[in-house]
Amino acid sequence: PRMGAGEWAECLRAKIEETLRIHLRSDVPIGAYLSAGVDSSSIAGLARRLTDRPIKTFTLGFENPDYDEVRGQKTLDRFAGHELPNERLVCGTGDFKRYPKAVWHSEDPTASGIEIPGLILSEAASRSVKVVLTGEGSDEIFGGYPWFLWDKLLRPLAVLPLPLRRLMLLGPLIPARRPRASRIFLAPRAMNLTRYERLICSIRPEARSLVFAPGLKDRLAQTVQRDGSSALEERVRPWSPFAQLQYHELAIRLPNFITHTLDRTSMAHGVEARVPFLDHELVELCAQIPPALKMRRLQEKYILRRAMRDVLPPEILRRKKRGLSAPSGQWLRDPLPPFAEDLLSAGRLREKGYFAPDVVQGMLARH
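K.L.:
When you look at helix H10 (residues 193-200) in this model, what are you seeing that I'm missing?
P.N.:
Helical geometry note: an α-helix holds 3.6 residues per turn, so side chains three or four residues apart project in the same direction. Here H10 has its buried residues at Arg195, Tyr196, Glu197 and Leu199. Looking at the packing, one finds that the buried side of H10 touches helix H6 (146-154), helix H9 (179-185), helix H11 (205-209) and helix H14 (241-267). A distance of 3.1 Å separates the backbone nitrogen of Thr194 from a side-chain oxygen at the start of H10, and that oxygen is part of Asn192.

Listed below in structure tokens is the structure:
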């Protein structure tokens, strides 16, 4: 408790370096995934310092500028003094054809499309390395996702009575313009599954369920717990709100989506993805860092940025979080490839029995 920001940053830097030395052990060539953000840049920048072997990096861009994190932003390999061999890849409209393969490797239902960029990266990496270092886990252990900021800003208002909060939304006016913020604004103050879902999901549960067939809706209603009384919530109740949200991330979204997707898309091409930020000793250290140093005022991952001051260029250290996502909206609005036309046809939907054919056909017509 008596340690200041400088001391915490020094401890964090030392632990990350120790962790990376272990993760760099390999009898085969090692590479790294490199975006324009702080997380992967920290891993690639430090790895280059800690080994005399070249660290080849792989960077993914998108044809769609709305999703392209590296357009107009220099990645670490393009700064003087940070010479990293880099291969640039592009995810375009035609890559939607990879979706059946992506689902097959995921071994789970998936709707984000994020597996496709993962397959593109691992396919390219497999041609020159067998191991890649990645930045996954940083947003969980430092609270870097946007919803940590949303929760910080909107949680104090949750002490107001629910009828008053509904009145403050001016009927349907504000929900129509800011649906996600409005749902968070009306969420319970306690960090339970209901509040967590409203923070991370951009679509209302009732809207998502519209596409399901009646039989599946009934089964989901019987199996999905939404009463906020799970053992997970009981365990985190004494903690700070920031730590509670972090624990939900570590217990739910990280293993079931983040590392799940990374593992399956990398191993689809025989590449081992290593996640230094999730080394158990580093996670334990970060759990002790005060929340005020993880998010300082409105800046996320403050303590990581401070620890990397002499590793990364100031331009990268100042960048805001911008996560990797897939242009699934564009893919669904463009002419569909044959596999999608077949799977979304009324006959195939009735045969499978999961989705309501009339609802899906209506959505296809609108888009």
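K.L.:
Can you walk me through the sheet that holds strand S3 (residues 86-91) in this structure?
P.N.:
Two pairing modes exist for strands in a sheet, parallel and antiparallel, and in both the strands are linked by backbone hydrogen bonds. Here 5 strands make up an open sheet; going across it, the order is S3-S2-S1-S4-S5 and the pairing parallel. At either end of the open sheet lies a strand with only one pairing partner, and these are S3 and strand S5 (272-274). Strand after strand, the sheet turns through a mean of 30° between neighbouring axes, direction not considered. In terms of strand pairing, strand S1 (residues 30-33) meets strand S2 (residues 56-62) through 3 bridges, oriented parallel. Looking at S2, one finds that Ala32 is bridged to Thr57.

K.L.:
I keep staring at unusual backbone geometry and nothing clicks. Help me out?
P.N.:
Negative phi is the rule for most residues except glycine; trans is the rule for most peptide bonds. Located in the positive-phi region is Leu170, a residue other than glycine, with phi close to 60°. Its location among the elements puts Leu170 in the loop between helix H7 (162-168) and helix H8 (173-177). One non-glycine residue, Arg297, adopts positive backbone phi at about 55°. Among the structural elements, Arg297 can be located in the loop between strand S6 (295-296) and strand S7 (299-300). Judged by its relative accessible area of 64%, Arg297 is exposed.

K.L.:
What exactly am I supposed to notice about the side chain of Ser106 here?
P.N.:
Along the chain, Ser106 turns up in helix H3 (residues 99-106). Assessed through its relative accessible area of 4%, Ser106 is described here as buried. Setting aside its immediate chain neighbours within four residues, Ser106 contacts Glu115, His260 and Arg264.

K.L.:
How should helix H4 (residues 115-125) be read in this particular structure?
P.N.:
When you tally the buried positions in H4, you get 10 out of 11 residues, the bulk of the element. Within H4, the full set of buried residues consists of Glu115, Ile116, Pro117, Gly118, Leu119, Ile120, Leu121, Ser122, Ala124 and Ala125.

K.L.:
Where do I start with the packing of aromatic side chains in this structure?
P.N.:
Centre distance and the angle of the planes are the two values used to describe a pair of aromatic rings. Under the counting rule described, the total for this entry stands at 9 aromatic pairs. Taken together, a centroid distance of 5.6 Å and an interplanar angle of 40° make the contact between Phe96 and Tyr99 tilted. A residue is classified by how much of its surface remains accessible, and Phe96, at 10% relative accessible area, is buried. Following the ring pairs from residue to residue traces out a cluster consisting of Phe96, Tyr99, Trp331 and Phe339. Cation over ring: Lys74 sits above Phe79, and NZ or CZ is 4.2 Å from the ring centre. The ring of Tyr145 has Arg253 sitting right over it, with the charged end atom 4.8 Å from the ring centre.

K.L.:
It is not clear to me how the nonpolar core should be interpreted in this structure. Could you clarify?
P.N.:
The nonpolar side chains of soluble globular proteins are, as a tendency, buried together. Within the largest apolar cluster, 38 residues are counted, with the highest numbers of intra-cluster contacts made by Leu12, Ile16 and Met308. Elements with a contribution of two residues or more to this core: helix H1 (5-23), S1, helix H2 (38-50), strand S4 (131-133), helix H5 (138-142), helix H15 (280-288), helix H17 (302-307) and helix H18 (314-317). When residues in this core are grouped by element, the largest group, 6 residues, is from H1. Excluding anything up to four places from it in sequence, Leu12 contacts Phe142, Leu282, Leu285, Cys286, Ile303, Leu304 and Ala307. Tyr33, Leu60, Ile116 and Leu119 belong to the second largest nonpolar core, which has 24 residues in total.

K.L.:
Sorry if this is basic, but what is going on with the side chain of Ser42 here?
P.N.:
Within the fold, Ser42 resides in helix H2. The class of Ser42 is buried, set by a relative accessible area of 2%. Reaching out from Ser42, the side chain makes a polar contact with the backbone oxygen of Val38 at a distance of 2.7 Å. Beyond its immediate chain neighbours, meaning those up to four positions away, Ser42 contacts Leu304, Met308 and Leu312.

K.L.:
What am I meant to see in the packing of H3 against H4 here?
P.N.:
For any two helices packed against each other, the geometry is given by the interaxial angle and the distance between the axes. At a minimum axis separation of 9 Å, H3 and H4 run at an interaxial angle of 90°. Taken as axis vectors, H3 and H4 run roughly perpendicular relative to one another. Contacts between H3 and H4 pair Tyr99, Lys101, Ala102 and Ser106 from the former with Glu115, Ile116 and Leu119 from the latter. Each residue belonging to the contact of H3 with H4 can be placed in one class, and the counts come to 4 nonpolar, 1 polar and 2 charged.

About the criteria used
By convention here, each chain's residues receive numbers from 1 onward along its written sequence. With pLDDT at 70 or above as the cut-off, local features in this predicted model cover only qualifying residues; side-chain atom pairs require 80 or more to be listed or tallied, and sums for whole chains, interfaces and linings still use all residues. Side-chain measures here rest on the full set of heavy atoms in the structure, leaving out hydrogens and waters. Accessible area is worked out with a 1.4 Å probe on protein chains only. A residue is then buried under 20% of its type maximum, exposed over 50%, and partly exposed in between. In this description a helix means any DSSP run of H or I spanning at least four residues, a strand means any run of E spanning at least two, and both kinds are numbered starting from the N terminus. The contact rule is simple, with two residues in contact once any of their heavy atoms fall within 4.5 Å. Definition of a polar contact: a pair of N or O atoms within 3.5 Å, with one able to donate and the other able to accept a hydrogen when the atoms are protein atoms, and with sequence-neighbouring residues admitted only if both atoms are side-chain atoms. Strands are labelled as partners when DSSP assigns at least two bridges between them. Lines fitted to C-alpha atoms define the axes here, with helix axes fitted over just the stretch in contact, and angles between the N-to-C directions of these axes take values from 0 to 180 degrees. Pairing of aromatic side chains here covers Phe, Tyr and the six-membered ring of Trp, requires ring centres within 6.5 Å, and sorts the geometry by plane angle: under 30 degrees stacked, over 60 edge-to-face, intermediate tilted. Only when the NZ atom of a Lys or the CZ atom of an Arg is both within 6 Å of the ring centre and within 35 degrees of the ring normal do we say a charge sits over the ring. To qualify as a nonpolar core, a set must consist of buried Ala, Val, Leu, Ile, Met, Phe, Trp, Tyr and Cys residues joined through side-chain atoms within 4.5 Å. What sets the label is the angle itself: under 35 degrees gives roughly parallel, over 145 gives roughly antiparallel, 65 to 115 gives roughly perpendicular, and the rest give oblique. Asp, Glu, Lys and Arg are counted as charged, while Ala, Val, Leu, Ile, Met, Phe, Trp, Tyr, Cys and Pro are counted as nonpolar; the rest, among them Gly, fall into the polar class.

Treat this as a map of the structure, not an account of what it does.
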